[in-house]
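Each chain, written out:
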Amino acid sequence: NERPAIVLLDLDGFKVVNDSLGHGAGDALLVAAGERMAADDRPGDTVDRYGGEEFAVLLESLDGPDPARQLVEQMLEALRAPFVVEGREVFISASAGIAYSRREGITPSELLRVADIALYRAKASGKDCAVVFDQAMEREAVRRLDLETDLRRALERGEFQVYYQPEVEPSSGMVTGAEALVRWQHPERGLVSPADFIPLAEETGVILPLGAWVLRQACTEVQQWRAKGYVDESFALSVNLSGRQLATPELVGEVQAVLAESGLDPASLRLEITETVLMEDGPGSARTLEGLKALGVELAIDDFGTGYSSLAYLQRFPVDTVKIDRSFIANVGDDARARAIVHTVTHLAHVLGMRVTAEGIETELHVEFVANAGCDRGQGYFYSRPLPAAEMLRLFGRKQEHAA
């Protein structure tokens, strides 16, 4: 009645060591990590370098998944202690997926497959942890595979739509622009939440053609609104850029081509980047943003306050707008610190020549507060949820058929 377990263990952040210290240092770290894990196993267990920075561990003679988890936790704890590689102290962690053999007849390849599913869950949970496989993970893995397959086909099938959430001047209530947001109308699942498919699109690279499509579609539609008199020259279109888009050398040329194709004035386009993405590759991001600014477009930092940047640090980037994250606006009614942060960010942004947009406005209190704080624009459900293009036209106070 004793069954084995297979563990797949991946070293978190190993690529950083390879890139910064070289492959020789990386190899030395792999050897040291393997020796440290082997020192914590039991007689009869096996630690094997499985490939790259991944190890496979065979734990024999177990009477349940709990002993396997305990043994793996010991290995993870051992790996958290510093290593000395080529005279330099290095810290790493590891993620582990555990597959325990609960039935007779299960094959080694099947155990490895489900251990890999558990490892994926461990890395998705923040890394530096161990996860024991269960059947719910397999169902989720199948669902995710199906979703990925559908996602890759959705663009060519025309299943994506661009929705627009208005940006409003708090003091007057006037609509001054809109943020373009992608929505996926799946033929069987219905409207798929962006929280479900955007991370998957980032991971698979689908975000590149999808982001390019959103930019082209939104610029074309807004230019049509302008040509038909729905909006004037002051109306600004905001479009999000993903981290993978920002890292693409062709981005500046792609944006330039879309502007030329759509006829939209570059000054009417505002490209948004989250502050976390911006800080991940400071020098590279700065060069790309300078190239975009040279086209005449505006740049905005989205979700400001959720990462680790500061307005002083942002002086190195050619930013025009700071969008204060909704988490601060949500708490202005009962949190003096949130109110102080919004006031301070707004004041400093204005000193640095930037405009401020407050996200997450949902109540009259929010409107009154951000207006008094001096925020230039507001965005949130109080004004409007994201709307398809046809409903945006009705929001402008005209019937769509009048545009003919």
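All of these numbers come straight from a predicted model, not from anything done at the bench.

**Student:** What is the right way to read the packing of aromatic side chains from this model?
**Tutor:** Think of a pair of aromatic rings as described by two things: how far the centres are apart, and how the planes are tilted against each other in angle. Enumeration over the complete set of coordinates arrives at 8 aromatic pairs. Between F160 and F197 the ring centres are 5.8 Å apart and the planes differ by 45°, which places this aromatic pair in the tilted class. Pair noted here: F160 is in strand β8 (residues 160-168) and F197 is in helix α6 (residues 194-204), with a separation of 37 residues, a long-range link. Taken as a pair, F160 and F197 share a single burial class, namely buried. Between W225 and F396, the aromatic rings sit 5.6 Å apart at their centres with planes inclined by 70°, giving edge-to-face as the arrangement.

**Student:** What is the right way to read the packing of helix α5 (residues 135-154) against α6 from this model?
**Tutor:** For any two helices packed against each other, one specifies the crossing angle of their axes together with the interaxial distance. Packing of α5 against α6 brings their axes to within 10 Å, and their N-to-C directions diverge by 75°. As summarised for this structure, α5 and α6 are arranged roughly perpendicular, according to the angle between their axes. Packed against α5, whose contacting residues are R144, L147, E148, L151 and R152, the element α6 presents D196, F197, L200, A201, E203 and T204 at the interface. For the contact of α5 with α6, the residue count by class is 5 nonpolar, 1 polar and 5 charged.

**Student:** Which parts of the structure should I look at to understand unusual backbone geometry?
**Tutor:** A negative phi angle is the norm for most residues apart from glycine, just as the trans form is the norm for most peptide bonds. If you check the backbone angles, E86 has positive phi at about 50° while not being a glycine. Of note, E86 is situated in the loop between β4 (83-85) and β5 (88-90). Looking at E86, the relative accessible area reads 64%, which means it is exposed. For D128, which is not glycine, the phi dihedral falls at a positive 55°. Relative to the elements of secondary structure, D128 occurs in the loop between α4 (108-124) and β7 (130-132). With a relative accessible area of 31%, D128 lands in the partly exposed category.

**Student:** So what exactly am I meant to see when it comes to the pairing of strand β6 (residues 93-100) here?
**Tutor:** Residues in a regular strand point their side chains to alternate faces of the sheet. By the criterion of burial, β6 is predominantly enclosed, with 8 of the 8 residues buried. Two strands pair when backbone bridges link them, and strand β1 (residues 3-12) and β6 are joined in this way by 8 bridges, in the antiparallel orientation. Counterpart to L11 in the pairing with β6 is A94. Of the strand pairs in this sheet, β6 and β7 are connected by 3 bridges, and their pairing is parallel. By the bridge assignment for β7, A96 is matched with A130.

**Student:** I would appreciate a short explanation of the nonpolar core in the present structure.
**Tutor:** Looking at soluble globular proteins, one finds that nonpolar side chains tend to be buried together. One finds Y164, W225, L237, L269, L271 and L292 to be the most contacted residues of the largest nonpolar core, which totals 74 residues. The element that contributes the greatest number of residues to this core is helix α7 (residues 207-227), accounting for 8 residues. Every residue in contact with L237, bar those within four places of it in the chain, is listed here: Y164, A178, A180, A218, C219, V222, L264, S268, L269 and R270.

**Student:** How do you make sense of the side chain of Q165 when you look at a structure like this?
**Tutor:** Tracing the sequence through the fold places Q165 in strand β8. Under the relative-accessibility criterion, Q165 is labelled buried at 7%. A polar side-chain atom of Q165 sits 3.1 Å from a polar atom in the side chain of Q379.

**Student:** How should the sheet that holds strand β2 (residues 46-51) be read in this particular structure?
**Tutor:** Remark on secondary structure: sheet strands pair via backbone hydrogen bonds, oriented parallel or antiparallel. Across the sheet, which stays open at both edges, the 5 strands sit in the order β2-β3-β1-β6-β7 with mixed pairing between neighbours. Either end of the sheet is taken by a strand with one partner, and the two such strands are β2 and β7. Between one strand axis and the next, the sheet turns by 20° as a mean value, whatever way the strands run. Bridge analysis of β1 against strand β3 (residues 54-62) gives 7 bridges, and the strand direction is antiparallel. Across the sheet, I6 pairs through a bridge with L58, a residue of β3.

**Student:** It is not clear to me how the confidence of the model for the protein chain should be interpreted in this structure. Could you clarify?
**Tutor:** Close inspection of predicted coordinates is inappropriate in any region flagged by low pLDDT. Per-chain confidence: the protein chain averages 88 in pLDDT, with 94% of residues scoring 70 or above. A low-confidence stretch, residues 398-404 (pLDDT under 50), is modelled with 10 contacts involving residues beyond four sequence positions or located in other chains.

**Student:** Explain the packing of α4 against α5 to me, please; I cannot follow it from the model alone.
**Tutor:** Between α4 and α5, the least distance of the axes is 10 Å, while the angle of their chain directions is 80°. Overall, the two elements α4 and α5 adopt an arrangement that is roughly perpendicular. On the side of α4, the interface is formed by E110, R113, I117, A118, Y120 and R121, while α5 contributes M137, E138, E140, A141 and R144. Of the residues belonging to the contact of α4 with α5, the class tally is 5 nonpolar, no polar and 6 charged.

**Student:** What is the right way to read α6 from this model?
**Tutor:** Along an α-helix, residues three or four positions apart point the same way, because every turn accommodates 3.6 residues. Among the residues of α6, those classed as buried are F197, L200, A201 and T204. The arc that holds every buried residue of α6, seen down its axis, measures 105°, which confines them to one face. Of the surrounding elements, those touching the buried residues of α6 are α5, β8, β9 (175-186), β10 (190-192), α7 and α8 (243-246). G205, located one to two residues past α6, shows a positive phi value of around 90°.

**Student:** Just to check I follow, could you spell out the pattern of salt bridges for this structure?
**Tutor:** Side chains that differ in sign of charge can pair as their charged atoms come close. What the rule picks out here adds up to 19 salt bridges. With its nearest N and O atoms 3.2 Å apart, the salt bridge here joins K123 to D12. You can see K123 sitting in helix α4 and its partner D12 sitting in strand β1, a full 111 residues away along the chain. In this structure, D19 and K15 form a salt bridge, with 2.6 Å as the shortest nitrogen-oxygen distance. Here the residue D19 and the residue K15 both occupy positions in helix α1 (residues 14-21), the gap between them amounting to 4 residues, near one helical turn. A relative accessible area of 56% places K15 in the exposed class. Connected through shared salt-bridge partners, E167, E179, R270, E272, E298, K323, E359 and R377 make up one network.

About the thresholds
Residues numbered from 1 in each chain as written. Predicted model: local features only at pLDDT ≥ 70, side-chain atom pairs only at ≥ 80, totals over all residues. Heavy atoms only, no water. Phe/Tyr/Trp six-rings, centres within 6.5 Å; stacked < 30°, edge-to-face > 60°. Helix = DSSP H or I, 4+ residues; strand = E, 2+ residues; numbered from the N terminus. Buried < 20%, exposed > 50% of the residue type's maximum accessible area, 1.4 Å probe, protein only. Axes fitted to C-alpha atoms, helices over the stretch in contact; angles between N-to-C directions. Parallel < 35°, antiparallel > 145°, perpendicular 65-115°, else oblique. Contact = heavy atoms within 4.5 Å. Nonpolar A, V, L, I, M, F, W, Y, C, P; charged D, E, K, R; others polar. Pairing = 2+ DSSP bridges. Core = buried A, V, L, I, M, F, W, Y, C linked by side-chain atoms within 4.5 Å. Polar contact = N/O pair within 3.5 Å; in protein donor to acceptor, adjacent residues only side chain to side chain. pLDDT = per-residue confidence, 0-100. Arc of directions from axis to C-beta. Salt bridge = Lys/Arg side-chain N within 4 Å of Asp/Glu carboxyl O.

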